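# Notes for the structure review
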Amino acid sequence: GAVVSQHPSRVICKSGTSVKIECRSLDFQATTMFWYRQFPKQSLMLMATSNEGSKATYEQGVEKDKFLINHASLTLSTLTVTSAHPEDSSFYICSARGGRPADGYTFGSGTRLTVV
Amino acid sequence: AQSVTQLGSHVSVSEGALVLLRCNYSSSVPPYLFWYVQYPNQGLQLLLKYTTGATLVKGINGFEAEFKKSETSFHLTKPSAHMSDAAEYFCAVSEKGNNRLAFGKGNQVVVIP
């Protein structure tokens, strides 16, 4: 079945530094990738949608200059948290979808970001 | 826009008892419906999905769900709960022509030995 690899699984960084999270579709071409943020014991909050080769579409209230998304190929999307602060600490999850909506969405294993 | 309602954030079930998680959706067009399971500090794993065709959908780990258009529901069931079923469960809906996947708030399932 479809597999999405997300790295790193955990990262601790100092306040003010930047962190990059990678999301790769291993056995299919992901025309669309999504980035979510999940707070403890809550549902997933969609941050942005990215299509290969075009700029990401950010949800209302998400700072696009802080959360940089690049979808340079059909198998790779990256989320960079710039100038991270403790309030950016969270669980970030990517998902990818193939060409058909009925294919559903395959999720990465998530990244636990802790900013100290 | 599509939306999902999952009532009861915490669901306790005895080991061996029926698991029933309710999901109601709102969609302006025929929906695609999904149930996902999430274990602590992990991503979401697809349990099952409904796109078209048979309304009773069987998934992994003994789960199944039935799409009922008249009730706008997609409830998840498993006849006999196992300790390994303790996890967070999310119902989600998407629409043909719409990229977005709308999630319910989730159900935290606790299995009592």
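Quick notes on the rules
- Within every chain, residues take consecutive numbers counted from 1 along the sequence as written.
- Note on labels: chains are lettered from A, ligands numbered from 1, in written order.
- Reporting in this predicted model follows two pLDDT cut-offs: at least 70 for local features of residues, and 80 or more for side-chain atom pairs to be given and counted; totals over whole chains, interfaces and linings ignore these cut-offs and use all residues.
- Each side-chain value is worked out from all heavy atoms of the structure, with water and hydrogens disregarded.
- Runs of E in the DSSP output that reach at least two residues are strands. Runs of H or I that reach at least four are helices, and both are numbered from the N terminus.
- C-alpha atoms define the radius of gyration in this analysis, and the globule rule sets the expected value at 2.2 Å times the number of residues to the power 0.38.
- When checking whether two residues touch, look at their non-hydrogen atoms; a contact exists if any pair is within 4.5 Å.
- Only the protein chains shown count as cover for residues, and the accessible areas themselves come from Shrake-Rupley with a 1.4 Å probe.
- Neither His nor the chain termini are counted; the positive set is Lys and Arg, and the negative set is Asp and Glu.
- The atom standing in for a charge is NZ when the residue is Lys, CZ when it is Arg, CG when it is Asp and CD when it is Glu.
- The term buried area refers to how much accessible surface (probe radius 1.4 Å) is lost by two components on association, counted for both of them together.
- A carboxyl oxygen of Asp or Glu within 4 Å of a side-chain nitrogen of Lys or Arg is what we treat as a salt bridge.
- In the analysis that follows, any N or O atom pair within 3.5 Å is treated as a polar contact, provided that within protein one partner can donate a hydrogen and the other can accept it, and provided that, for residues neighboring in sequence, both atoms belong to side chains.
- The rule for pairing is simple: two strands pair if DSSP sees at least two bridges between them.
- Interaxial angle, 0 to 180 degrees, is taken between N-to-C directions of lines fitted to C-alpha atoms, where a helix line uses only the stretch in contact.

## A word on the overall build of chain B
A count of helices and strands for chain B gives zero helices and twelve strands. The order of helices and strands in chain B, counted from the N terminus, is β-β-β-β-β-β-β-β-β-β-β-β. In terms of overall dimensions, chain B is globule-like: its C-alpha atoms have a radius of gyration of 13 Å, near the 13 Å expected for 113 residues. Its C-alpha atoms give chain B principal-axis dimensions of roughly 45 × 30 × 20 Å. In chain B, the proportion of contacts linking residues at least 24 apart, taken out of those at least 6 apart, comes to 57%. Of the roughly 5500 Å² of accessible surface on chain B, a fraction of 53% belongs to carbon and sulfur atoms. Treating the 9 positive side-chain charges of chain B as one cloud and the 7 negative ones as another, the clouds have centres 8 Å apart.

## Some points on the environment of Cys94 of chain A
When you line up the elements, Cys94 of chain A lands in strand 9 (residues 90-97). For the pair Cys94 of chain A and Cys23 of chain A, spaced 71 residues apart in sequence, the C-alpha to C-alpha distance is 6.4 Å.

## Some details on the interface of chain A and chain B
By convention, interface size is frequently given as the accessible area that disappears when the constituent parts associate. Taken together, the contacts link 25 residues of chain A with 20 residues of chain B. The junction of chain A with chain B conceals about 1700 Å² of combined surface from both sides, 51% of it contributed by carbon and sulfur atoms. In this structure, the connection of chain A to chain B is made through one salt bridge. The shortest N-O distance in the salt bridge between Glu59 of chain A and Arg100 of chain B comes to 2.6 Å. On the surface where chain A and chain B come into contact, there are six residue pairs in polar contact (both at pLDDT 80 or more).

## Focus on the sheet that holds strand 1 (residues 4-7) of chain A
Residue and element names in this part refer to chain A. A sheet is described by the order of its strands in space; here four strands give the open sequence 1-3-8-7, paired in antiparallel fashion. What marks the edges here is a single partner per strand, and that holds for strand 1 and strand 7 (67-73). In this sheet, adjacent strand axes meet at a mean angle of 15° when their direction is disregarded. Two elements, strand 3 (residues 19-25) and strand 8 (residues 76-81), share six bridges in a ladder whose sense is antiparallel. Directly across from Arg24, in strand 8, lies its bridge partner Leu76.

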